[in-house]
Each structure stands twice: as C-alpha cells, then as structure tokens.
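This is what each chain is made of:
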Amino acid sequence: MADILRVSHISKQFIRSNGWFKREYIDVLDAVSFCIDSGETLGLVGESGSGKTTVARCVMGMLQPDSGSITFNGNDMTSQDRSLRQTVRRQLAIVYQNPYLSLNPHFTLFELIAEPIRANEKTTKPDLVKRVVLLMGQVGLSEELMARKIGDLSGGQAQRVAIARALALKPKLIILDEPTSALDVSVQAQILNLLASLQSSVGYSYLLITHDLDVVRHSCDRVLVMSQGSIVESGNTNTVLDTPTHAYTQQLIAATPKLKYSTSNS
Ligand SMILES: Nc1ncnc2c1ncn2[C@@H]1O[C@H](COP(=O)(O)OP(=O)(O)OP(=O)(O)O)[C@@H](O)[C@H]1O
Ligand SMILES: [Mg+2]
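Below: a short report on this structure.

1. Details of the sheet that holds strand β4 (residues 67–72)
Pairing in this open sheet of four strands is antiparallel, and the strands run β2-β1-β4-β5 from one edge to the other. Only two strands of the sheet have a single partner each, and these edge strands are β2 (23–37) and β5 (75–76). With five bridges connecting them, strand β1 (residues 3–17) and β4 associate as antiparallel partners. The residue of β4 that forms the bridge with Leu5 is Phe72. The strands that helix α1 (residues 52–59) touches are β1, β2 and β4; relative to β2, the one it contacts most, it runs at about 65°.

This is the structure in structure tokens:
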C-alpha cells in the first residue's frame, strides 16, 4: 500500500512563561516519525499531555513544526507556499472530542454541514441542499433534523454532524481526536462502526487519537504509543497490545481493566 501521510522527525517546542521575565522552553514533540497508508487506521495513544493533539495540529497545518517534514499525498505540508498548503489541507479533515464545543451552537445542521462546501466551492443552493442531505444520510442522520441546532441533539447525533462536516470536502485523511471519549459506551461503538463502514465504502485513511486501548483494539490496523513527546513503540495493533515491549506500553495495558468491544480488528 502507498502511504498517504509521511511525518519525518518533527519536533516542536513551546515557550512557557514562568514569572515576569522567565521563559521556559518545553519540548512537546521530539523527532516524531510515522506513516499512514492509504485506507488504513493508525491509532495514536499516550497519556494526557504526551503531545497527541500537537501532532494532529502539525499534520493539519494549524501549527508549523520547528523541524522535520510532513508530506501528504506527495505534497510538502511544511512548504512556504501558503496556497499549496491550503489546497492540500482541503484533503484533510479533523473531528474533535466534543461536538457541542467544536461546532457553532447558533448554526443549524444545514449551515454547519454546508459551511465547508460554501467556503471552498462555487455551488447553487439546490446543489448544496442535495449534498447536505446526502452527507446526513451517509452518517445516519435523518434530513428532518436539518433545521435543528447542535444543542438539540444527543451526543451521538452531534458527533455524526461533526463527521458529516468532516466528509463534506471528500478528504483523503481524517484525524479523529478522541472522537468517542465524550460519549456513552453504547454510542461509542455505533460511532466507531460508522467510521469503519465509511472507511470500507469510501476508503478514507484515519489517524485515530485516543486514551482508550479498547478503541485501538477495535478500530486500528497499527498503533503508535507516545510518551512525553516521543513515539516509544509502534506496530501492528494486536502485536503491540498482546506483546508490548516498552515499559510505558506495558503500564498502559496494565491500567486497562476490561474489553468493552469485540476483539475483532476487522
Ligand atoms: N499553545 C501551547 N502553548 C504552550 N504549551 C502548549 C500549547 N499547546 C499544548 N501545549 C503543551 O504541550 C503538551 C502536549 O499537549 P497536547 O495537547 O498535544 O497533549 P495531548 O497528548 O493531546 O493531551 P490530551 O490527551 O490531554 O488531549 C502539554 O504539556 C501542553 O500543556
Ligand atoms: Mg489532546
């Protein structure tokens, strides 16, 4: 399989102010490297503050790494050419943990899902309505909900809106940053199954960021384990979870008491 995303040795420091004139440099990412194959789900796990969202923000082009390179679909995402970066960014989408916080509460579902299309393409109102209805159908939402606002929906329905919005520009890679952490367990499984069925019908690649090893076991082909800004272990999901070699991965697994989902990785 050809890789769609190649992240090579990216590093990032943040400056933390420590009193009036004191500044501390913190290494948040330290030479992080990985690839995602076309149509694959790559898991990224690690403790809070290990740098997972910072990796996502670098891949999305929201943050520039201090060093290293990111190549998406053959294009250099760290290039100085802003218009090239913006064109490439349209093939990437991100879904966040909490749809009630990440989506504008004043917009209707139609406006939320239509917004990325309106911002990037010339289209007519009837065409826009058709596309929004299609996207709502793809994520299992009835078109009757189109005039509702995000606050009127259940957690699972709201996350489906976030996914429909992510699909709107037909991305190749979708970053899922803790997409099920805010949901009840039964709804978590429905969202993971929806993501899996979209992947098998359309062929999306996913970078799935999670704290939850059950989610990794259920959904990921391969997994990266991150600790303090570095990838400490990576490999096939079952191999890493069944025979972890790094002490940190062993601790993570020891702290996970039981399986919520089926162990099938398909
Ligand atoms: N803009 C910023 N300025 C300064 N420090 C930051 C900034 N963004 C993140 N950090 C720090 O970088 C580290 C990594 O943050 P990041 O959000 O990537 O972690 P994470 O692995 O996604 O954590 P979580 O699982 O809690 O979401 C943390 O110590 C965080 O405080
Ligand atoms: Mg995070």
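2. A short note on the site of ligand 1
What surrounds ligand 1 is the set Phe14, Val28, Glu47, Ser48, Gly49, Ser50, Gly51, Lys52, Thr53, Thr54 and His211. Within the backbone of Ser50, one N or O atom sits 3.2 Å away from an oxygen atom of ligand 1. In this structure, an oxygen atom belonging to ligand 1 sits 2.9 Å away from a side-chain N or O atom of Thr53. When residues in the shell around ligand 1 are grouped by element, the largest group, three residues, is from α1. Taken together, the residues that form the shell around ligand 1 break down as two nonpolar, seven polar and two charged.

3. A closer look at the pattern of salt bridges
Opposite charge on two side chains lets them pair, provided their charged atoms get close. For the structure on display, the rule yields six salt bridges. Residue Arg222 is joined to Glu40 by a salt bridge in which the shortest nitrogen-to-oxygen separation is 2.8 Å. With Arg222 in strand β9 (residues 222–227) and Glu40 in the loop between β2 and β3 (41–46), this pair connects stretches of sequence that are 182 residues apart. Take Glu40: its relative accessible area is 5%, and that puts it in the buried class.

4. A look at the environment of Val240
Locating Val240 in the fold gives a position in helix α9 (residues 237–242). Judged by relative accessible area, which is 4%, Val240 ranks as buried. Sequence separation of Val240 and Ile26 is 214 residues, and the distance between their C-alpha atoms is 29 Å. Every residue in contact with Val240, bar those within four places of it in the chain, is listed here: Val223, Val225, Glu233, Ser234, Gly235, Thr249 and Ile253.

5. Here we look at the nonpolar core
Core analysis: the biggest nonpolar cluster contains 49 residues, and Leu109, Met136, Ile150, Val161, Ile163, Leu167 and Ile174 have the highest contact counts within it. No other element matches the seven residues that helix α6 (residues 155–167) contributes to this core. Setting aside its immediate chain neighbours within four residues, Leu167 contacts Leu135, Gln138, Val139, Ile174, Leu198 and Tyr204.

6. Re the environment of His246
Mapping His246 onto the fold places it in the loop between α9 and α10 (247–254). Separated by 21 residues in sequence, His246 and Val225 have C-alpha atoms that sit 9.2 Å apart. Once residues within four sequence positions are removed from consideration, His246 is found in contact with Val232 and Glu233. A distance of 3.0 Å separates a polar side-chain atom of His246 from the backbone nitrogen of Tyr248.

7. A closer look at the pairing of β2
Examined bridge by bridge, β1 and β2 share eleven bridges and lie antiparallel to one another. Of the residues in β2, the one forming a bridge with Lys12 is Leu29. Joining the antiparallel neighbours β1 and β2 is a turn of five residues, in which Gly19 adopts a positive phi near 85°.

8. Looking at the packing of aromatic side chains
A full pass over the atoms with the stated rule returns one aromatic pair. Ring centres of Tyr204 and Tyr206 lie 6.4 Å apart, and the angle between their planes is 25°; on these two criteria the pair is classed as stacked. Just as Tyr204 is buried, Tyr206 falls in that class too.

9. A look at the side chain of Gln159
Mapping Gln159 onto the fold places it in helix α6. With relative accessibility at 0%, the residue Gln159 sits in the buried group. A polar atom in the side chain of Gln159 sits 3.4 Å from the backbone oxygen of Gln97. Apart from the residues lying within four places of it in its own chain, the contact partners of Gln159 are Val95, Tyr96, Gln97, Pro99, Pro179, Leu183 and Ile191.

10. Here's the deal with the side chain of Gln199
Relative to the assigned elements, Gln199 resides in helix α7 (residues 185–202). A polar contact is formed between the side chain of Gln199 and the side chain of Thr41, at a distance of 2.9 Å. Not counting chain neighbours up to four residues away, the residues in contact with Gln199 comprise Gly39, Glu40, Thr41, Tyr204, Ser205 and Tyr206.

Rules used throughout
- Residues numbered from 1 in each chain as written.
- Chains lettered and ligands numbered in written order.
- Predicted model: local features only at pLDDT ≥ 70, side-chain atom pairs only at ≥ 80, totals over all residues.
- Heavy atoms only, no water.
- Pairing = 2+ DSSP bridges.
- Helix = DSSP H or I, 4+ residues; strand = E, 2+ residues; numbered from the N terminus.
- Contact = heavy atoms within 4.5 Å.
- Axes fitted to C-alpha atoms, helices over the stretch in contact; angles between N-to-C directions.
- Near = heavy atom within 4 Å.
- Polar contact = N/O pair within 3.5 Å; in protein donor to acceptor, adjacent residues only side chain to side chain.
- Nonpolar A, V, L, I, M, F, W, Y, C, P; charged D, E, K, R; others polar.
- Salt bridge = Lys/Arg side-chain N within 4 Å of Asp/Glu carboxyl O.
- Buried < 20%, exposed > 50% of the residue type's maximum accessible area, 1.4 Å probe, protein only.
- Core = buried A, V, L, I, M, F, W, Y, C linked by side-chain atoms within 4.5 Å.
- Phe/Tyr/Trp six-rings, centres within 6.5 Å; stacked < 30°, edge-to-face > 60°.

By themselves these figures say nothing about function.
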